[in-house]
Every structure is written in C-alpha cells, then in structure tokens.
Amino acid sequence: MEDIEQHMSKDVLSVGTLSAPQGQKRYGVNEFLVDRQPYRLPMWLINGVGEGPTLVVTAGVHAAEYASIAAALELGRSLDPGSLSGRVIVLPIVDMPAFGARSIYICPLDGKNPNRVFPGNAHGSASEQIADWVFRNVISQATYYVDLHGGDLIEALVPFTIFFRSGNKHVDEASLEMARVFGIHFLVCSETPGSTFCAASVAGIPSILAEAGGQGIWTAEDVRCHTDGLNRLMRHLKMIPGNAPEATTCTLLERFLWLRSEHEGFWYPAIAVNDRVKAGQNLGCIKDCEGHVLQTAISPADGIVLFIVSSLAINRSDPLLAVGA
Ligand SMILES: [Zn+2]
C-alpha cells in the first residue's frame, strides 16, 4: 500500500493544496497566512504526459512589470499538458498586493523590495514570508527556474537576461546556457543578494531572470520577447515538440553597474536605453526646482545603457540607470 502511494505521489504534481495528475493541468489559488492574514497566490500546475524536467516560471515579483506578467498568463493559459514532457509550474503574479496597488518596486505590506528577500524567512516581514513560501513550495521543485521581469512603471529598458555565477560549475554553466537559449541579445552577469535567481542558483537550481518591457506598457513585442524565450527554452530542454532553437548572437556583459541619486530632485537623463557610453561620460543630472545641478551621473565604465528611470521625480537613493559593461 505504501509503495503504491509513493508511486502515485511521484506522478502527481503538487504545490500546497493544489495538485495535477500526470497529463493534466490545474489552475488554482493557494492560500496561506502572511502576518496572520490569508494570502492568495494564483498558479498553474501543468503535469505533462512524458518524462522531463520541472520548469518553474514566476512573474509579478515586481507586480507592475506588465509584459512579464502578461507572458506568464499566456503560458499558463495556453500550455497543453498533452504535448508536454516534464512539468511546468507558473506563478503569474507573486506579489498580489502590489499588483492591486500598482506599486513600484515594493510590496505594500511591508515596504520591501521582494526581489531582495529570497529565499525568504518564515518568521520575517510579509515579503520575507511570501518569499519563503514560494521558495520552499515552488522554486525548490524546479530543475530549471525562470523569473520574468521588465522595467517597472518608471523604468525604460532594452531587453536583457541576467544570470549569476554561484561558484557551482555545473549550475553556473547550465544557467549561462539557459540565458543563451532564451534568445535575448544582452546577457548580464550579476550578483544581487536576495534576488530570486541568485537564491535559486545558490540552492543548486540553474536559473535566469529575463527583463523586457517597461513604463507600465505591455506591447505585443515585449510580451513575445518573454513567451518566445520560454518557448525556445522548453524546446531546447525537449519539453515541447519542435526543433532545437536556432542560435542567436549574444553580448555577454560581466558587470551590472547601477547609478543612484544622492538627492531628492528632478532627473534629466542625457542618454537613451541601448546607447553605447564611455567611462566618464555625462549620462544626465539631478537638478533642484530652480535648475541648479545637484548631481551629475557619470558613466563608471564603457558599456551599454540597460535601463533608465524615466520619472522626473527622484528621491534620495533611487536608481537612475544601469550600465552593463
Ligand atoms: Zn523587476
């Protein structure tokens, strides 16, 4: 009896109170307590007919990065378990309170950036509790993990894919291969403590974070950037039918250099995303109300402008832009 149960559970894909038998797809909402209040997390469990890896896809860790959320919704709605080898778990909106609030960068429950608190803490603040639940119940099931992002409501960006070198050669080579297969031209190596893909890489799960879209707009092209990448990755992993994806040319950027504001004021960028810049170049300035320059943003290296904050309003310590070099 015990053997049969173990065999059964091996074929069933489960997360929390939801499960999908082999060859089936389940959409549902897992409910758990965050700060003693019910927290509702929507997800698809797609359990294929054939053997294969488990791919976990999350979006909405930053809940106003709409192209990434639209892409995750499309994947969850459309993926057919009948033509899937392996398993796919899709969480289209991890930070549900931030989605409703149209919150920039942070979870309104605790004011923290959720992508700085992974793998989370069951006894921490709200974002840490959510990260802990997602990491233990979902991400830890992954053979491969993709976290979808984009520019936030006040950020413009050129698409790029981020990976992390954890020091585990096998994991790091697999993460870099995932990034290349995903098909976005710019690949960025970054260590961002507490981020989803870094925490997963440290836990031995090959992972990438893909960035496309921004400024609250989800164009078909930006959504397709994410959905095409997922499709290419699943074909590469032989999870769905189709030829191995054709190779794309990539530019690997080893450094992800963020510039931040030292003042509260008005932000005047002097460059655009995807611009090639030189070390020492003036990239823009922060002015006060009268127009006095409070700070000049100087490029720390020769590189590519990957994202720019497009908001005129800037607070002290806000990001201004990032250069990949
Ligand atoms: Zn993000």
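Just above sits the structure.
My aim in this report is to walk through the structure given alongside it, one point at a time.

Analysis parameters
Residues numbered from 1 in each chain as written. Predicted model: local features only at pLDDT ≥ 70, side-chain atom pairs only at ≥ 80, totals over all residues. Heavy atoms only, no water. Donors = N, O, S within 2.8 Å, 3.2 Å for Na, K, Ca; no water. Tetrahedral: all angles 85-135°; square planar, octahedral: opposite > 155°, others 65-115°. Buried < 20%, exposed > 50% of the residue type's maximum accessible area, 1.4 Å probe, protein only. Pairing = 2+ DSSP bridges. Helix = DSSP H or I, 4+ residues; strand = E, 2+ residues; numbered from the N terminus. Salt bridge = Lys/Arg side-chain N within 4 Å of Asp/Glu carboxyl O. Core = buried A, V, L, I, M, F, W, Y, C linked by side-chain atoms within 4.5 Å. Contact = heavy atoms within 4.5 Å. Axes fitted to C-alpha atoms, helices over the stretch in contact; angles between N-to-C directions.

Considerations on the coordination of the zinc ion
Stage number 1. All of the protein donors around the zinc ion are His62 (ND1), Glu65 (OE), Glu65 (OE) and His149 (ND1); their distances to the metal are 2.1 to 2.4 Å.
Stage number 2. Bound by 4 donor atoms, the zinc ion shows angles of 56 to 144° at the metal and therefore irregular coordination geometry.
Stage number 3. With relative accessibility at 10%, the residue His62 sits in the buried group.

A word on the sheet that holds strand 14 (residues 265–269)
Stage number 1. An order of 17-16-14-19 is seen for the 4 strands of this open sheet, with the pairing classed as antiparallel. The sheet is open, and its two edges are formed by strand 17 (293–298) and strand 19 (313–314), each paired on a single side.
Stage number 2. Where strand 14 meets strand 19, 2 bridges bridge the pair, whose relative direction is antiparallel. Its bridge partner being in strand 19, Phe266 is matched across the sheet by Ala313.

Re the pattern of salt bridges
Side chains carrying opposite charge are able to pair once their charged atoms draw close together.
Stage number 1. The tally for this structure, following the rule as stated, stands at 6 salt bridges.
Stage number 2. Linking Lys112 and Glu128 is a salt bridge whose minimum nitrogen-to-oxygen distance equals 3.5 Å. Of this pair, Lys112 sits in the loop between helix 3 (96–101) and helix 4 (126–137) while Glu128 sits in helix 4, and the two are 16 residues apart along the sequence.
Stage number 3. Note that Glu246 is salt-bridged to Arg232, the shortest N-O span being 3.2 Å. Linking Glu246 in the loop between helix 7 (220–236) and strand 12 (251–253) with Arg232 in helix 7, this pair joins segments that are 14 residues apart in sequence.
Stage number 4. Residue class for Glu246 comes out exposed when judged on its relative accessible area of 52%.

Quick look at the nonpolar core
Stage number 1. Grouped together as the largest cluster of nonpolar side chains are 43 residues, with contacts concentrated most on Leu55, Val88, Val146 and Leu148.
Stage number 2. For this core, the element with the most residues is helix 2 (residues 66–78), which contributes 7 residues.
Stage number 3. If we ignore the near neighbours within four places in the chain, the residues touching Leu55 are Arg87, Val88, Ile89, Tyr144, Val146, Leu233, Met234 and Met239.
Stage number 4. Among the nonpolar cores identified, the runner-up in size contains 30 residues, and Leu41, Met43, Val138 and Tyr145 belong to it.

Details of the sheet that holds strand 6 (residues 85–91)
Stage number 1. Ordered in space as 3-4-6-5-7-11-9-10-12, the 9 strands form an open sheet in which the pairing is mixed. The open sheet is flanked by strand 3 (25–34) and strand 12, the only strands paired with a single partner. Neighbour-to-neighbour, the strand axes of this sheet turn through a mean angle of 25°, independent of strand direction.
Stage number 2. Inspection of the sheet shows strand 9 (residues 160–163) paired to strand 11 (residues 207–211) by 3 bridges, in the antiparallel sense. If you follow Thr161 over to strand 11, its bridge partner there is Ala210.
Stage number 3. Contacting strand 3, strand 4 (37–47), strand 5 (50–58), strand 6 and strand 7 (144–149), helix 2 runs over the sheet at an angle of about 55° to strand 4.
Stage number 4. Each of strand 7, strand 9, strand 10 (186–189), strand 11 and strand 12 touches helix 5 (residues 169–182); the most contacted strand, strand 11, lies at about 30° to it.

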